[in-house]
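# Chain and residue survey
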Amino acid sequence: RRGGGRTGGRRGAAMGGACSGGPASAAAVPSIKILLLGGANVGKSTIFKQMRILYKEGFEDKDRVMAKGCITENILETLIDLDQATDHYGVQVLEENEDLADELKPVLMQVKVREVDMPLENITIPWERIERLWSDPGIQAAFQEFQHPTRRGAGQEYTLPVLTGYFLRKLDTIKRDSYVPSDDDILHLRRSTSDSDTINFRMEVMSLIGKLTSLQVTCTDVGGQAHERTEWPKHAENLNAILYVVSLPEFSNVSGGTNVLESQLEILETVKQNEHFQCATIIVLLNKVDLLESKLQGLEVSEFFPEYQGANDINSVLKFFKQEVARRLGQEPTEEELPNIITSCATNTELMRTIIEKIGQSILQRTLSESKFFG
């Protein structure tokens, strides 16, 4: 089996509650501390943004100004990456469009070097050239390979800023001067977390006696790049739970010669084994299920995880990865539900509301009782 077998340590580190902390008294509002961890580009920041939408004031005008520039940057990066990928996929752009990507590169540089919270008024964005390149048959063919990859494109190391093409499909709206990014647009915007960011909020959850009660939540999102993972243990004090995020559609991607999903699972094992996290519940979100289902139309999971011999449908694959995560946590993978391993689509606000509130309820109940997880 790939990437190491079962890890040592007691089962409580994966399933149990915090060793200390929890409600200070019956009269106080109970509180929990959550750490949001995972590798780069797994969707942690999207989950963090969902918490802002659901439980705080949402996004301010300055956030939308910042997002508009970042969306333009994502569009330019995606088209340039697609242009570079055409050779890899054996397709060509039309002769009259061959220079368009090179013409967009200095524009991208201008967008990148500006102050991130500054509007784009002083930069001329060539929307007509952007639209021409996006509509080119060669670019469309490369994009389809990203969307529904086949074996000839598998294992590639290209990474699109917005794999779904969400913003490219909205070019007619985004190019308007009056365009203001919606909440949905901001959720689909990928921007790597640097350092850490913390949010505090209250939500209503069900208590052990079946009564709604307020719960104070502190959640910290820490960057997932290799050099940032050394900072993770510094956030362990009074920690109740770790929400570890995995990006399932990375099962066929390679970075630095290593399967990206396998690398994420190995990082999970190091979190499980870390002495600083032994008192924290570990909850794993198997994220981007929608993109996984799209990838399964063209790729076999068994080509990248040879130990998997099941059908290549979404339910069978999800069951396999849930059991694989359970093994990495030192749990017995059974036919039963694994309640601390949850499938998710971080851009779906109502789904994330359900998941976040169920997690909060579970953690609260664990600090008050030895009741079954999610019971």
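Placed above this text is the structure.
Notes on the structure follow. Residue numbers run consecutively from 1 along every chain, following the written order of its sequence. Where totals are concerned, whole chains, interfaces and linings use all residues; where local detail is concerned, this predicted model gives features only for residues with pLDDT of at least 70, and gives and counts side-chain atom pairs only at 80 or more. Computation of side-chain values: all heavy atoms of the structure, hydrogens and water removed.

Stacked, tilted and edge-to-face are the three classes applied to pairs of Phe, Tyr and Trp rings, where Trp contributes its six-membered ring and a pair requires centres within 6.5 Å; stacked means planes under 30 degrees apart, edge-to-face means over 60, and tilted covers the rest. Evaluated as defined, the whole model comprises eight aromatic pairs. A ring pair is formed by Phe-251 and Phe-304, whose centres lie 5.7 Å apart and whose planes are at 70°; its orientation type is edge-to-face. Here Phe-251, found in the loop between strand S4 (241-247) and strand S5 (254-255), pairs with Phe-304, found in the loop between helix H10 (289-295) and helix H11 (314-328); they are 53 residues apart in sequence, far enough to count as distant. Across the pair, exposure class does not vary: Phe-251 and Phe-304 are buried alike. With 6.2 Å between their ring centres and 75° between their planes, Phe-305 and Phe-320 make a pair best called edge-to-face. One end of the pair, Phe-305, is in the loop between H10 and H11; the other, Phe-320, is in helix H11, with 15 residues separating them in the sequence. Comparing Phe-305 with Phe-320 shows no difference in burial state: the two are buried. Above the face of the Phe-251 ring, Lys-295 is positioned so that its terminal group lies 5.7 Å from the ring centre. A helix here means a DSSP run of H or I that spans at least four residues, while a strand means a run of E at least two residues long, and both kinds are numbered starting from the N terminus. Think of it in three bands: residues with accessible area under 20% of the maximum for their type are buried, residues over 50% are exposed, and the middle band is partly exposed, with areas taken using a 1.4 Å probe on protein chains only. Geometrically, a lysine NZ or arginine CZ counts as sitting over a ring once it is within 6 Å of the ring centre and also within 35 degrees of the ring normal.

The next subject is unusual backbone geometry. Most of the time, phi is negative for any residue but glycine, and the peptide bond is trans. Phi angles above zero are rare outside glycine, and Asn-41 is one such case at about 65°. Relative to the helices and strands, Asn-41 resides in the loop between strand S1 (31-38) and helix H2 (44-55). One non-glycine residue, Lys-288, lies in positive phi territory at about 65°. Mapping Lys-288 onto the fold places it in the loop between strand S7 (281-287) and H10. Judged by relative accessible area, which is 22%, Lys-288 ranks as partly exposed.

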